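A structural walkthrough
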Amino acid sequence: MLVFNVLVLCASLLAAAGRARASALTTSVAPNERLCFYADVDKAGEKIGFYFAVQAGGSFDIDFDVKDPNEKVLLDGQRERSGDYVLTANTVGEYSFCFENDMSTLTDKLIDFDIMVESEPRREVAAKPGQVADHTSPLEESVYRLSSMLNSIKRTQRYFHTRETRGFSLVKSTQSRLFWYAVCESLAVVGMAILQVYVLQTFFTKTGRRYKV
């Protein structure tokens, strides 16, 4: 009986994994560039998960839009720092996920995003009559609960990863600004010293003007 439970659990896990098609990527969007990615939906009613977060660049914001195969806008946003959406695909075909960096003229935007297409109905796990009601249903529910918990952990990891990357980018930007501020300050001090020496030399040389005290 224990072996049967293990087999059913494995079958449920494989079925759950087989229903989802995910694509986790990191990309860079140049200034004034529009970059699009595509995902195929095989049948109506599938769920599409879309997540993105700007990791580096400017104010950590980006414009985005999601369109169905008929070019109908399903989601859009301007100057968004991150987003996590789930929508139902009512049309079979190719869905587009586009990012646009129009607000920036010099800075690239580094974006971490994830596109997942998953079927909504649950597949039945083959088993003998009389054993399905006793063992399959509780195991399937346990699998789906574990899947939900893993997705929650994954989202939390993404959140902390985004905060870490943004913090590192902010530290690098601040370090660069402090460096150039120190360089400009040093050049200003050296220039002031040279100017003072020149003025003093002009005061006391024979060719310079003479002032009455």
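This text gives an overview of the structure that appears in the document. Chains are numbered independently. Their residues run from 1 in the order of the written sequence. For a predicted model such as this one, the threshold for reporting local features is a pLDDT of at least 70, and the threshold for listing and counting side-chain atom pairs is 80 or more; totals across whole chains, interfaces and linings nevertheless cover every residue. As a rule here, side-chain values come from all non-hydrogen atoms in the structure, and water together with hydrogens is ignored.

**Description of the overall build of the protein chain**
The cut-off we apply is this: We count a stretch as a helix when DSSP gives it H or I for four or more residues in a row; a strand needs E for two or more, and each element gets its number in order from the N terminus. Burial here depends on accessible area, computed with a 1.4 Å probe over protein chains only, as a share of the maximum for the residue type. Under 20% is buried, over 50% is exposed, and the range in between is partly exposed. Contacts are residue-level and defined by heavy atoms, with any inter-residue pair within 4.5 Å sufficient. Accessible areas in this description were obtained via Shrake-Rupley with a 1.4 Å probe; residue shielding takes into account the shown protein chains only.
If you tally the helices and strands in the protein chain, you get two helices and eight strands. In the protein chain, the succession of helices and strands from N to C terminus is α-β-β-β-β-β-β-β-β-α. Counting every position in the protein chain, which comprises 213 residues, the buried fraction comes to 28%. Expressed as a percentage of contacts within the protein chain between residues at least 6 apart in sequence, the contacts between residues at least 24 apart total 77%. Carbon and sulfur atoms make up 59% of the accessible area of the protein chain, which totals about 14600 Å².

**Quick word on the pairing of strand E4 (residues 62–67)**
Keep this limit in mind: A pair of strands is treated as paired once DSSP finds two or more bridges between them.
With respect to burial, E4 is a largely interior element, five of its six residues being buried. Pairing of E4 with strand E5 (residues 73–80) involves five bridges; the strand directions are antiparallel. For Asp-65, the partnering residue across the bridge sits in E5 and is Asp-76. What sits between the antiparallel neighbours E4 and E5 is a turn of five residues, in which Glu-71 has the positive phi angle 65 degrees.

**Focus on the pairing of strand E7 (residues 93–100)**
Along E7, six of the eight residues are buried, which leaves the element largely enclosed by surrounding structure. Here eight bridges tie strand E2 (residues 34–41) to E7, and the two strands are oriented antiparallel to one another. Directly across from Ala-39, in E7, lies its bridge partner Tyr-95. Sheet topology places E4 next to E7; five bridges connect them, and they run antiparallel. Its bridge partner being in E7, Phe-64 is matched across the sheet by Phe-99.

**A few points about the nonpolar core**
Just so we agree on the cut-off: By nonpolar core is meant a set of buried Ala, Val, Leu, Ile, Met, Phe, Trp, Tyr and Cys residues that side-chain atoms within 4.5 Å join together.
Within the largest apolar cluster, 22 residues are counted, with the highest numbers of intra-cluster contacts made by Ile-48, Phe-50, Phe-52, Phe-97, Phe-99 and Ile-111. The set of elements that each furnish at least two residues to this core consists of E2, strand E3 (46–56), E4, strand E6 (82–89), E7 and strand E8 (109–118). Not counting chain neighbours up to four residues away, the residues in contact with Ile-48 comprise Val-41, Tyr-85, Val-86, Leu-87, Ala-89, Tyr-95, Phe-97, Met-116 and Val-117.

**Regarding the state of the cysteines**
Stated precisely, the cut-off is as follows: Two cysteine sulfur atoms form a disulfide, by the criterion used here, when they sit within 2.5 Å.
Applying the stated criterion across every chain, the model contains one disulfide. Two residues share a disulfide in this structure: Cys-36 and Cys-98, whose sulfurs sit 2.0 Å from each other. Measuring handedness by torsion sign, the sulfur bridge of Cys-36 and Cys-98 sits at about 110 degrees and is right-handed. Linking Cys-36 in strand E2 with Cys-98 in strand E7, this pair joins segments that are 62 residues apart in sequence. Given the relative accessible area of 25%, Cys-36 is considered partly exposed.

**A short note on the pattern of salt bridges**
What counts is decided by this rule: Note on definitions: salt bridges are taken to be side-chain nitrogens of Lys or Arg within 4 Å of carboxyl oxygens of Asp or Glu.
The final tally for this structure, using the stated rule, is five salt bridges. With a shortest N-O distance of 3.0 Å, Arg-34 and Asp-65 are connected by a salt bridge. In this pair, Arg-34 sits in strand E2 while Asp-65 sits in strand E4, placing the two residues 31 residues apart along the sequence. With a relative accessible area of 11%, Asp-65 lands in the buried category.

Geometric values such as these leave the question of function open.
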